[in-house]
Amino acid sequence: MSAKAIKIGILGSLTGPAAIFGTGNLAGATIAFEEANAAGGINGRQIEWISLDDESSPPKGIAAFKRLVEQEKVFAVFGPGSSAIGQALIPSFKASKTPVFISVFSTPAVTEPAVRTVFRTGPMNDRQQGIAIADYVIEHMKAKKISLIRQTDEYGKRGGEAVVGRLKELKVELANEEVFNLSDSDFTAQITRTIQAAPDVVIIYGYPNPSAIITRQAKQLGLKAKVMGANSAGSRKYPEIVGEAAAGTQNIITLQVLPEGDDPAAVKFRAAFEKRFPDLAKQGRPDLGDVLAYGGALAFNEALKRAGSNPTQDGFIKALESLKGFETGLTLPTTFSETQREGNVAARIVEVQSDLTRKMLPAIVRDQSAAK
C-alpha cells in the first residue's frame, strides 16, 4: 500500500469447470473498483488489483493465495469464486493476517467455525441454504415426499447434507438421494431411480449446467414432480438450456433483483456490465455470479471507506464488522458483527414462467437459527 494506492488481490477460477463463478468474481469486482476510482478513489487512494486464476484447482488456488499474500503483499483478497477452492484454502486463511472477502461461493466450511480474517456476503452458506430449501418445499410447495439429486463435490455435499438433516428433523421422508459428478452429461440412471421413487418435489443441488441438463432429461423421461434448485443454478441461462421443460421450476436465489429484470438498479448495472465486458454480455451476462461479486465489492468498498485515510488490515476487519443492513439495490442486505462472518442469511425464490421468463416470488426464506 502506498499513499496514493491500495492493492487488492482478486482470486478466482477464470478457467476450468468453475469459471462461470471465477470470471463473475473478477468482472463484478472490476466494475465496482473502477467506479470507485473514477469517483476519486477510497479516501483519496486509487484501488489497484492483481487477478490470479486458480484454474478450478485447489492446489493452484493455494499457490495463488500464497503469492498474493507473500509476494504481492496485497492489503486484502477478494475471492476465491468456488467452494472447492475455498475449502482447500482454510489452513492458508487461518495462517494469514490478510483479510479475505468472499461474495460468490457458499461452503460453510470457511465460516463455521469463523476465521477472524474471513468474511462472506451474497450467497447464504450451503448449510443455511439447505435448511431454507427444505423448509420452503414443505411449507410453500406442500411436498410430502422429496427426492434429492446433488453434486459429489464440496458444494453438493454440504448443501445435500443440510437438506437431508433438516428433513429428518421435520420427520419428512426422503424418497431417494442420487449423486452426480460435475463433468457428467447423462443422468438417465439417477433420474430413472428418482421417477420410481415417485416424489412430489425433486431438489437438485448442483451447478447451472448439470442442473439444467438434469431438469431437461427428467422431463423427457417422464418425471412429474416439481423441481427446486439451489442458488448456483439460479442462472438467467437456465430456461434457455432446459427449454420448455423449465416452466414451473423454482430456484432459491440470493439476489434482491434479477439481473435481466427492469428494476432500475438491474438496468444500470446491466448497462455498465455490457459496456465494460461486451464478450461476456454476448454469453447472456451479467448473471448471478457477476451481480453477487459487484454487490460484495460495494460492501468491501464501503468498509475500506470506513477504515479511514490510513487503513490497516486490523482496521479494515473492524470496519467490516460495523456494516449493518448495508444495501446495494442488487444483492440482499449485508450485516456483520464481531462474531458474525456471514453477511447474508436470507434468500428469495425465482420461478420460470410458461414463456420461459423468470419471476421473483414474494417469499423470503432464511435459516431461522442464524444469528441476527
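Please refer to the structure higher up on the page.
Below or above, wherever it landed, is the structure these notes cover.

Examining the overall build of the protein chain
Scanning the protein chain for helices and strands turns up 13 helices and 12 strands. Scaling as 2.2 N^0.38, a compact globule of 372 residues should have a C-alpha radius of gyration of about 21 Å, and the protein chain matches this with 20 Å. In terms of overall dimensions, the protein chain has C-alpha extents of about 65 × 40 × 35 Å along its principal axes. Burial analysis of the protein chain (372 residues in total) assigns 60% to the buried set. The contacts in the protein chain between residues at least 6 apart in sequence include a share of 68% that link residues at least 24 apart.

Describing the packing of helix α1 (residues 19-38) against helix α12 (residues 288-306)
For the pair α1 and α12, interaxial distance at closest approach is 7 Å and the crossing angle is 40°. Put simply, α1 runs oblique to α12. Crossing of α1 against α12: the hand is right-handed. Counting all contacts with α1, which are made through Thr23, Gly24, Asn25, Ala27, Gly28, Ala29, Ile31, Ala32, Phe33, Glu35 and Ala36, the residues of α12 involved are Gly289, Asp290, Ala293, Tyr294, Ala297, Leu298, Phe300 and Asn301.

What about the sheet that holds strand β8 (residues 201-205)?
Taking strand neighbours across the sheet as the criterion, the seven strands line up as β7-β6-β8-β9-β10-β11-β12 in an open arrangement whose pairing is mixed. At either end of the open sheet lies a strand with only one pairing partner, and these are β7 (173-180) and β12 (358-366). Across the sheet, the mean angle separating the axes of adjacent strands is 20° when strand polarity is ignored. Along the sheet face, helix α6 (residues 154-169) touches β6 (145-151), β7 and β8 and points at about 165° away from the line of β6. Strands β6, β7 and β8 of the sheet are contacted by helix α7 (residues 188-197), whose axis makes an angle of about 175° with β7.

A word on unusual backbone geometry
Along the chain, Gly79 connects to Pro80 via a cis peptide bond; the corresponding omega equals 5°. Note on placement: Pro80 falls in the loop between β3 (76-78) and α3 (83-88). With an omega of 5°, the peptide bond between Glu112 and Pro113 qualifies as cis. Checked against the element boundaries, Pro113 lands in the loop between β4 (100-102) and β5 (118-120). Even without being glycine, Asn43 reaches a positive phi, approximately 50°. Within the secondary structure, Asn43 is located in the loop between α1 and β2 (46-53). In this model, Lys142 sits at a positive phi of 60°, which is unusual for a non-glycine residue. Within the secondary structure layout, Lys142 lies in the loop between α5 (126-139) and β6.

Some thoughts on the packing of aromatic side chains
To describe a pair of aromatic rings, one takes the distance between the centres and the angle between the planes. In total, this model carries 18 aromatic pairs according to the counting rule given. Summarising the aromatic geometry, the rings of Phe65 and Phe93 are spaced 5.4 Å apart at their centres and angled 75° between planes, so their arrangement reads as edge-to-face. Taken as a pair, Phe65 in helix α2 (residues 58-71) and Phe93 in helix α4 (residues 90-95) lie far apart in primary sequence, 28 residues in all. Judged on exposure class, the residue Phe65 and its partner Phe93 are both buried. An aromatic cluster is present here, built from Phe33, Trp49, Phe75, Phe78, Phe101, Phe119, Phe300, Phe316 and Phe336 joined pairwise through their rings. The ring of Phe277 carries the charged tip of Arg276 above its face, separated from the ring centre by 4.8 Å.

Focus on the sheet that holds β3
Strand order in the open sheet formed by five strands is β2-β1-β3-β4-β5, with parallel pairing between adjacent strands. Two strands bound the open sheet, and with one partner strand each, they are β2 and β5. The sheet shows a mean angle of 25° between the axes of neighbouring strands, direction not considered. Direction of pairing for strand β1 (residues 5-12) relative to β2: parallel, over a ladder of eight bridges. Residue Lys7 lies in a different strand from β2, and its bridge partner there is Glu48.

Some thoughts on the side chain of Gln340
Examined against the element boundaries, Gln340 turns out to sit in the loop between α13 (313-321) and β11 (346-352). For Gln340, a relative accessible area of 10% gives the class buried.

Let's talk about the environment of Thr334
Secondary-structure assignment places Thr334 in the loop between α13 and β11. Classification of Thr334 as buried rests on a relative accessible area of 2%. Spatially, the C-alpha atom of Thr334 lies 7.5 Å from that of Ala299, the residues being 35 residues apart in sequence.

Digging into the nonpolar core
Within the largest apolar cluster, 75 residues are counted, with the highest numbers of intra-cluster contacts made by Ile8, Phe78, Ile203, Met228, Ile252 and Phe300. It is α12 that provides the largest number of residues to this core, a total of 10 residues. Aside from chain neighbours lying at most four places away, what touches Ile203 is Ile133, Val137, Ile146, Ser147, Leu148, Ile149, Val163 and Met228. Leu52, Ala64, Val74 and Ile85 belong to the second largest nonpolar core, which has 20 residues in total.

Brief notes about the pairing of β11
With six of seven residues buried, β11 lies mostly within the body of the structure. With four bridges connecting them, strand β10 (residues 250-253) and β11 associate as antiparallel partners. Counterpart to Gln250 in the pairing with β11 is Glu351. The antiparallel pairing of β11 with β12 creates a hairpin that spans five residues between the two strands, and Leu356 there sits at a positive phi of about 70°.

The rules behind these values
Residues numbered from 1 in each chain as written. Predicted model: local features only at pLDDT ≥ 70, side-chain atom pairs only at ≥ 80, totals over all residues. Heavy atoms only, no water. Helix = DSSP H or I, 4+ residues; strand = E, 2+ residues; numbered from the N terminus. Rg over C-alpha atoms; globule rule 2.2 N^0.38 Å. Buried < 20%, exposed > 50% of the residue type's maximum accessible area, 1.4 Å probe, protein only. Contact = heavy atoms within 4.5 Å. Axes fitted to C-alpha atoms, helices over the stretch in contact; angles between N-to-C directions. Parallel < 35°, antiparallel > 145°, perpendicular 65-115°, else oblique. Left-handed = near helix turned anticlockwise from the far one by under 90°. Pairing = 2+ DSSP bridges. Phe/Tyr/Trp six-rings, centres within 6.5 Å; stacked < 30°, edge-to-face > 60°. Lys NZ or Arg CZ within 6 Å of the ring centre and 35° of its normal. Core = buried A, V, L, I, M, F, W, Y, C linked by side-chain atoms within 4.5 Å.

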